[in-house]
Protein chains: 2
Amino acid sequence: MQNPTFPSCDERSLVNIEDLRARHPDHWNKATAIRVLALDAVKAANSGHSGMPMGMADVATVLFEKHLKFDASQPNWADRDRFILSAGHGSMLLYALMYLTGYSDISMEEIKNFRQMGARTAGHPEFGHAAGIETTTGPLGQGIANSVGFAMAEASLQARFGKKIVDHHTYVIAGDGCLMEGVSQEAIGLAGKQKLGNLIVLWDDNGITIDGKVSISDVTDQMARFEASGWSVFSCDGHDPEAIDAAIAQAKQSPLPSMIACKTHIALGSSAQDTSKGHGALTDDTLIADTRTAYGWAHAPFDIPADLLSEWRQIGARGAIARQEWEIRFATMSGTKQAEFTRQMSGETPKKLSAAIKRFKQEASEGGKAVATRKASELALGVINSVLPETIGGSADLTGSNNTLTPDLGTFDADNRKGRHVSYGIREHGMASAMNGMALHGGVLPYGGTFMVFTDYARPAMRLSALMNIRVAYVMTHDSIGLGEDGPTHQPVEHLAAIRAIPNMTVFRPADTVETAEAWELAVQLDGPSMLALTRQNLPIVRTEHKTKNLSAQGAYILAEAQGKRMAILMASGSEVSVALEARRILENEGIGVRVVSMPSWELFEQQDEAYRKRVLPAGPVRVAVEAGIRQGWDKWLCGERGNWKKADFVGMDSFGASAPAGELFEHFGITAEATAQKVRDLL
Amino acid sequence: MQNPTFPSCDERSLVNIEDLRARHPDHWNKATAIRVLALDAVKAANSGHSGMPMGMADVATVLFEKHLKFDASQPNWADRDRFILSAGHGSMLLYALMYLTGYSDISMEEIKNFRQMGARTAGHPEFGHAAGIETTTGPLGQGIANSVGFAMAEASLQARFGKKIVDHHTYVIAGDGCLMEGVSQEAIGLAGKQKLGNLIVLWDDNGITIDGKVSISDVTDQMARFEASGWSVFSCDGHDPEAIDAAIAQAKQSPLPSMIACKTHIALGSSAQDTSKGHGALTDDTLIADTRTAYGWAHAPFDIPADLLSEWRQIGARGAIARQEWEIRFATMSGTKQAEFTRQMSGETPKKLSAAIKRFKQEASEGGKAVATRKASELALGVINSVLPETIGGSADLTGSNNTLTPDLGTFDADNRKGRHVSYGIREHGMASAMNGMALHGGVLPYGGTFMVFTDYARPAMRLSALMNIRVAYVMTHDSIGLGEDGPTHQPVEHLAAIRAIPNMTVFRPADTVETAEAWELAVQLDGPSMLALTRQNLPIVRTEHKTKNLSAQGAYILAEAQGKRMAILMASGSEVSVALEARRILENEGIGVRVVSMPSWELFEQQDEAYRKRVLPAGPVRVAVEAGIRQGWDKWLCGERGNWKKADFVGMDSFGASAPAGELFEHFGITAEATAQKVRDLL
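A quick note: this is a predicted structure, and the numbers were derived from the prediction, not measured.

(A) View of the overall build of chain A. From N to C terminus, chain A includes 27 helices and 20 strands. Projected onto its principal axes, the C-alpha coordinates of chain A cover approximately 95 × 55 × 45 Å. Here chain A holds 684 residues, and 70% of them are scored as buried. Within chain A, contacts between residues separated by at least 24 positions form 78% of all contacts whose residues are at least 6 apart in sequence. Taken as a whole, chain A presents about 20,700 Å² of accessible surface, with 48% of it coming from carbon and sulfur. Side-chain charges in chain A split into 67 positive and 80 negative, and the spacing between the mean points of these groups amounts to 7 Å.

(B) Structural detail: the relation of the copies chain B and chain A. Expressed as a screw transformation, the operator carrying chain B onto chain A has a rotation angle of 180° and an axial translation of 0.0 Å, and the superposed copies differ by an RMSD of 0.0 Å. In symmetry terms, the pair is related by a two-fold rotation axis. Of the C-alpha atoms belonging to chain B, the one lying closest to the rotation axis is found on Gly-182 of chain B, 1.9 Å away. Taken as a fraction of all interface residues of chain B, those also at the interface in chain A reach 100%, which identifies the copy contact as same-surface.

(C) A look at the UniProt feature "binding site: substrate" (unreviewed entry) in chain A. The UniProt record marks His-49, His-279, Arg-374, Ser-401, His-478, Asp-486, His-490 and Arg-536 of chain A with the feature "binding site: substrate" (unreviewed entry), using the residue numbering of this structure. Considering the C-alpha atoms alone, the annotated residues occupy 488 residues of sequence and remain spread out, their largest mutual distance being 48.1 Å. Mapped onto the elements, Asp-486 of chain A comes out in the loop between strand E12 (473–477) and helix H20 (495–500). Among residues more than four places away in sequence, those in contact with Asp-486 of chain A are Phe-451 of chain A together with His-49, Arg-115, Gly-123 and His-124 of chain B.

(D) Structural context of the packing of aromatic side chains. On inspection of all chains with the given rule, the structure shows 38 aromatic pairs over all chains. Ring centres 5.5 Å apart and planes at 75° place the aromatic pair Tyr-447 of chain B and Trp-520 of chain B in the edge-to-face group. Here Trp-520 of chain B lies in helix H21 (residues 513–523) and Tyr-447 of chain B lies in strand E11 (residues 445–451), a separation of 73 residues in the sequence. A residue is classified by how much of its surface remains accessible, and Trp-520 of chain B, at 1% relative accessible area, is buried. With 6.2 Å between their ring centres and 20° between their planes, Phe-451 of chain B and Phe-454 of chain B make a pair best called stacked. Across the pair, Phe-454 of chain B and Phe-451 of chain B agree in class, each one buried. One aromatic cluster is present, built from ring pairs that chain together Trp-602, Phe-605, Tyr-612, Trp-634, Trp-637 and Phe-650 of chain A. Sitting over the face of the ring of Tyr-295 of chain B, Arg-35 of chain B holds its NZ or CZ atom 5.7 Å from the ring centroid. The lysine or arginine in question, Arg-500 of chain B, covers the ring of Trp-602 of chain B, its NZ or CZ lying 3.8 Å from the ring centre.

(E) Region of the structure containing the sheet that holds strand E6 (residues 232–237) of chain A. All names here are of chain A. Taking strand neighbours across the sheet as the criterion, the five strands line up as E1-E2-E3-E7-E6 in an open arrangement whose pairing is parallel. Two strands bound the open sheet, and with one partner strand each, they are strand E1 (82–85) and E6. With direction set aside, neighbouring strand axes in the sheet form an average angle of 20°. As paired elements, strand E3 (residues 199–205) and strand E7 (residues 258–263) share six bridges and run parallel to each other. Directly across from Trp-203, in E7, lies its bridge partner Ala-261. On top of the sheet, helix H3 (residues 51–67) reaches E1, strand E2 (170–174), E3 and E7; it is set at about 155° to E3, its chief contact.

(F) Here's a closer look at unusual backbone geometry. Residues and elements named next belong to chain B. Not every positive phi belongs to a glycine, and Arg-115 is a case in point at roughly 70°. With respect to the helices and strands, Arg-115 occurs in the loop between helix H5 (108–112) and helix H6 (142–161). Residue His-546 is not a glycine yet carries a positive backbone phi of 45°. Relative to the helices and strands, His-546 resides in the loop between strand E15 (538–539) and strand E16 (557–560). Its relative accessible area of 48% is what places His-546 among the partly exposed residues.

(G) View of the pairing of strand E2 (residues 170–174) of chain B. All names here are of chain B. Of all five residues in E2, five are buried, a share of seventy percent or more. Alternating residues of E2 divide into Thr-170, Val-172 and Ala-174 and Tyr-171 and Ile-173, and every residue in both groups is buried. Where strand E1 (residues 82–85) and E2 come together, four bridges link them in parallel fashion. Paired with Arg-82 across the strands is Thr-170, a residue of E2. Across five bridges, the pairing between E2 and strand E3 (residues 199–205) is parallel. From the neighbouring strand, Ile-173 faces E3, where its bridge partner is Leu-202.

(H) Representation of the interface of chain B and chain A. If you look at the interface, chain B gives 99 residues, while chain A gives 99 residues. On inspection of chain B and its partner chain A, the count reaches eight salt bridges. Here Arg-115 of chain A and Asp-486 of chain B are joined by a salt bridge, their closest N and O atoms 2.7 Å apart. Put simply, chain B and chain A have 42 residue pairs in polar contact (both at pLDDT 80 or more) between them. The dominant element in the side of chain B that touches chain A, judged by the number of residues it contributes, is helix H19 (residues 455–468) of chain B, at eight residues.

(I) Expanded view of the packing of helix H3 (residues 51–67) of chain B against helix H4 (residues 91–101) of chain B. Residues and elements named next belong to chain B. Relative orientation of the contacting elements H3 and H4 amounts to 40°, with a least axis distance of 9 Å. Between H3 and H4, the interaxial angle falls into the category oblique. Relative to H4, H3 is oriented so that their crossing is right-handed. Facing H3, whose interface residues are Met-52, Pro-53, Met-56, Ala-57, Ala-60 and Phe-64, H4 presents Met-92, Leu-93, Leu-97 and Thr-101. Partitioning the contact of H3 with H4 into residue classes produces nine nonpolar, one polar and no charged.

(J) Structural detail: the UniProt feature "site: Important for catalytic activity" (unreviewed entry) in chain A. In the numbering adopted here, UniProt assigns the feature "site: Important for catalytic activity" (unreviewed entry) to His-49 and His-279 of chain A. In sequence the annotated residues extend across 231 residues, while in space they remain close, none of their C-alpha pairs exceeding 5.9 Å. Within the element layout of this structure, His-49 of chain A appears in the loop between helix H2 (25–45) and H3. Apart from the residues lying within four places of it in its own chain, the contact partners of His-49 of chain A are Val-42, His-89, Arg-115, His-279 and Gly-280 of chain A together with Asp-486 of chain B.

(K) Fine view of the environment of Leu-140 of chain A. Mapped onto the fold, Leu-140 of chain A is located in the loop between helix H5 (108–112) and helix H6 (142–161). Judged by relative accessible area, which is 17%, Leu-140 of chain A ranks as buried. Distance in space between the C-alpha atoms of Leu-140 of chain A and Met-180 of chain A is 8.7 Å, their sequence separation being 40 residues. In this structure, Leu-140 of chain A is in contact with Ser-86, His-89, Gly-177, Cys-178, Glu-181 and Val-183 of chain A together with Ile-426 and Tyr-457 of chain B, ignoring residues within four places of it in sequence.

(L) Expanded view of the sheet that holds strand E12 (residues 473–477) of chain B. Residues and elements named next belong to chain B. Pairing is parallel in the open sheet, where six strands are placed in the order E10-E9-E11-E12-E14-E13. Edge positions in the open sheet fall to strand E10 (421–423) and strand E13 (506–508), since each of these has one partner strand only. Averaged over all pairs of adjacent strands, the angle between strand axes in this sheet comes to 20°, irrespective of strand direction. In this sheet, strand E14 (residues 530–534) lies alongside E13 in parallel orientation, the contact comprising three bridges. Looking across to E14, one finds that Phe-508 is bridged to Leu-532. Packing of H19 onto the sheet brings it into contact with E11, E12 and E14, and relative to E12 it is tilted by some 160°.

So, how was this worked out
For every chain, the first residue of its written sequence is number 1, and the numbers climb from 1 along that sequence. Ligands are numbered from 1 and chains lettered from A, in the order in which they are written. Thresholds applied to this predicted model are a pLDDT of at least 70 for local features of residues and 80 or more for the giving and counting of side-chain atom pairs; totals over whole chains, interfaces and linings are not thresholded and use all residues. For the side-chain quantities, the full set of heavy atoms in the structure was used; hydrogens and water were omitted. Numbering of helices and strands runs from the N terminus; a helix is a DSSP stretch of H or I covering at least four residues, while a strand is a stretch of E covering at least two. When a residue's accessible area, from a 1.4 Å probe over protein chains only, is under 20% of the maximum for its type it is buried; when over 50% it is exposed; and in between it is partly exposed. The contact criterion used is simple: two residues touch if any of their non-hydrogen atoms lie within 4.5 Å. Computed by Shrake-Rupley with a 1.4 Å probe, the accessible areas treat only the displayed protein chains as cover when residues are assessed. A positive count includes Lys and Arg, and a negative count includes Asp and Glu. His and the chain ends are not counted in either. The location of each charge is read from NZ of Lys, CZ of Arg, CG of Asp or CD of Glu. To superpose the copies, least squares is applied to the C-alpha atoms of every residue with a pLDDT of at least 70 in both. UniProt positions are given in the numbering used here, feature names are shortened, and annotations may be inferred rather than shown by experiment. Here the aromatic set is Phe, Tyr and Trp, taking the six-membered ring for Trp, and pairing holds for ring centres within 6.5 Å; pairs whose planes are under 30 degrees apart are stacked, those over 60 apart are edge-to-face, and all others are tilted. Charge-over-ring contacts are defined here by two conditions on Lys NZ or Arg CZ: a distance within 6 Å of the ring centre and an angle within 35 degrees of the ring normal. We treat two strands as partners when DSSP finds at least two bridges between them. Helix axes are fitted only over the stretch in contact, all axes being lines through C-alpha atoms; the angle between N-to-C directions runs from 0 to 180 degrees. The working definition used for a salt bridge is a side-chain nitrogen of Lys or Arg within 4 Å of a carboxyl oxygen of Asp or Glu. We call two N or O atoms a polar contact when they sit within 3.5 Å, provided that within protein one can donate a hydrogen and the other can accept it, with sequence-adjacent residues counted only if both atoms are side-chain atoms. Relative orientations are named as follows: roughly parallel for angles under 35 degrees, roughly antiparallel for angles over 145 degrees, roughly perpendicular for angles from 65 to 115 degrees, and oblique for any other angle. Crossing handedness is read from the near helix: turned anticlockwise from the far helix by less than a right angle, it gives a left-handed crossing, and turned clockwise, a right-handed one. Under the grouping applied here, Gly and all other residues not named as nonpolar or charged are polar, the nonpolar ones being Ala, Val, Leu, Ile, Met, Phe, Trp, Tyr, Cys and Pro and the charged ones Asp, Glu, Lys and Arg.

Here you go:
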């Protein structure tokens, strides 16, 4: 057979497929099974990305065959190595590996249904679609940033439960896109500082992006860049199994996080090799036929010869012994410790939490002290952190402002893996993405803080928390113009609306210390992510009654009933609940009966049955909502549900804020009790 | 006088204030004028950041005295050097410099009113508050990322108008926070690739962040990191004027972008020096008094001795000669060229634009060809780019998908500064921030594209476009589940709502080629930023009548009137307008009169007078909105304005999308003409 000629990429040498096949025939066949499955599935779907799996098949084969600790029959084994496909568009690499090694969720039928409705084999790996998909990737840079959280969670659990029970690596395949995204720098910086020796990134150094060569947009020496942030760096020919094996073996020895630059050819062996065309879907019949010929692959589409499949299945079963040994070690732990490990990994919360929160609420309510809800959050976290040893808090360099550090946490770092508070640095996005990784790893319940306006920086990762529906708590303080003098760059205005817009995200905007504790009680038990919007400024206690029942769980509730005939309903959240109560006092003095509804969480209110929602917000009277943010979304409660648009109004923001003391800003923007009362009078 | 003892920061040597004063007394006095103004203003405001101006005063003094090309009396001189305070929390550094050098907008009164309502001296520098503030900073990393755009704009204008007219530098002061934010990596990578020799970053290397030492969260060797991305790097003692001068002089010689690591002491000379306390507001009377003593500064608060002020004012006037020489050179250009330069810098659009767009619309309407609006955008850009030589387009590595490249643009890079399309790389955030810089520089009208879901990545910079109200056009394609197989990570669902939430941002979601051209005609003339939400999939021409008038300028308009009695109004945007038209056809066949309102831009519709809005959306009939996004915000039009909540409904998304072919997804999520028609039937 003639070796077809391959277009060369000037930065790398020509590759000789025949030579690769001849030198390592067994390896070649295994890796090529991945390549042809990617080609076949993309062809069948008529969309997807063929070239990345074709280019990285050798690296992945060596990793799975020689290094990755896993047992395909037990994809949820707690001490498995984690494999993160940060370059998520190469999803067929992952699906092919899962099918070949025998993950039961990924059958050949699934491979054939790649990218079709209802398939587990979505266009990009989707967490929850199949056991063995560790995280949802596709938005570039997220996987590598998740992986830092995975590695931190591992280190934390190892410190808490011992190396016999927790001792694994996190491997990441990342592409040029991952490394160009800014979040990768935040991840690299955090991992370097944290000396995460259990983290190994395999960079698919193929020199190609969608628009052409990497060099049209970047000249970065990635190895120097990683090294500058405290990583060990290695490189290898990404098609030479011995070189790959040696590089991974070296990386495993490093006490620092490691990056291995794997020089590869995208779309290896096809006429699209080393081109941006090779990045996308290769669907041309001739191209595919020629590539199969070059591979020496004579089998039909989706046909993996039985002996080859058997070899792959043995790889998938390779970790069974290690897993069984682990189970024996696990069984030797005390029953209490076993139960605690299992509880933490499963995300169950201990029963005593509820009582502790109730006690805290009662004291807060009776103490009656006006504090900022960010401070209330710290106090509530004091209770939660003492009951839940799996929490790991942190802040993006605003620890004192976000109030995320409770006294007994200690700082998590290379010298103290038992510490439970992370100095994330000025890295909101990296923090959020690392928290996703922690939550996905299991055994850790992450929360992290910054100013609420900087949810904009963290947003891509927050969206993934929501898409994966994982338990991550975002502690977002300085939640309005109440932030004051720092001005409009630091004052959230549209952010409540923007975060509420994300499906699956539960937003809490508690009105006082009691509601803050309720929000935390819910946040640590929800199936999905939550954001707590917390004030900088002090707020009076509004929940002087109903201290123990978690009323926030219903999302909205009647905080103060009208005296006499109800002529208006005031709805408010957070710092504006006390504004609404004051407006009510003014109006009641004028003989106008006013109900105040506190709405700490729209999402939870929406989940209540219609009867309850109707009871809280009956049709009829005048309605005014008060919130120091924009109106967007409030119309649903003002008129959309059972109100009347002619009888509804809103007190809040419709522009950016300004730099001035907070009190003056609330006056300036008209978010006051008197302005609220006047709206009611106008409507009546 | 005894030299007070200063707490040391282990990574840097002790500093001897007396020695600094003695060695360079003139320099010391000038720099100390900045320091005490910062101390005094922060003390008066009882908030702000004293330490950064105190630490960087020496660097800034040398820059302004010896290098920065500026004329304080003409802050808008086109060929001035640009000075960007990326570490915007140190705003008093900028305000002090502006006051001292004689910018008329920053009087002593303004300094005294630092951070007060209505003052130009906001907590963070706000573009538009005073001539001389080049950009709004505060959200960390934005200034350094803007600066790349400034430098690119300069390079582009230089290529177009010649070095005699355009030849200046962009100087940036950036702190550790700026460099930890991921966007800085995107900026560094882009600048390095673009070989922006006109860009010089002065890094305030003080080793301190809010939470403590930088080392608690980062171990990055920043000089190595910049060097890895193709920068020249230098370092200097940030308190030694000769060393600073030499470093800047060297940097100016480099053909590459330069970073100078300026080793400084935050809050120099105070008892809070080299501590995180020094980062914030120093308001303690004793501390301030002791610091003044250490400085040898015997003057009252806000009192700058006349002779010293006079020296500073001479610095402010230093550039007048250069400016006058420039004006002479400018006057020697041809009148046409002068007018064109002035037009481009002012952002006026040429009169012929309107006729060209009208012609294009007429042809598109009559051609009647169904194309995706992303393709329509490319076609419209073909017209616009030929009429407006100041446009610079680009894409974050999705050029072929975002359709941002028109045939005659050429690629902007180091070898072709006349090129007008930028390969931004996989850097949505850096792209958006660079576009802000271009728009702020003037003479360039930037637009850039990515998938709409990745507005999440660009959001912090998009918010700043809006806060500054500058003309930047975001070309966001693949604007719904119509994206198809790539799945939920790539399908925007909440993004229209989230971007509409940003004040000052105009969102266009055009329905066909005609509306797309109208959106572009408006986007390039608006005072503020805009986003075009464009489809991947083909859309039929819906604007077969009213071809020439720009109906999109009204935000919403009657596209198709009910035949006979109007029983329902269907509202839709973008790809769903044709769905609404088809639903209308179905319903009219059943004898139900239906008006279809196309709503390409909510923001522009809101700006219309009430009479027009009422004419388009009169009270009364059943209303259904159709949009392949979430409902949030639609209630305003469905019931909040003059509808009736009992008679309104919505066809759209209420969850994340899925991975499947687009057509199947629209069926699956029920966004179809039949589903829309059924909603109308149900309501009637």
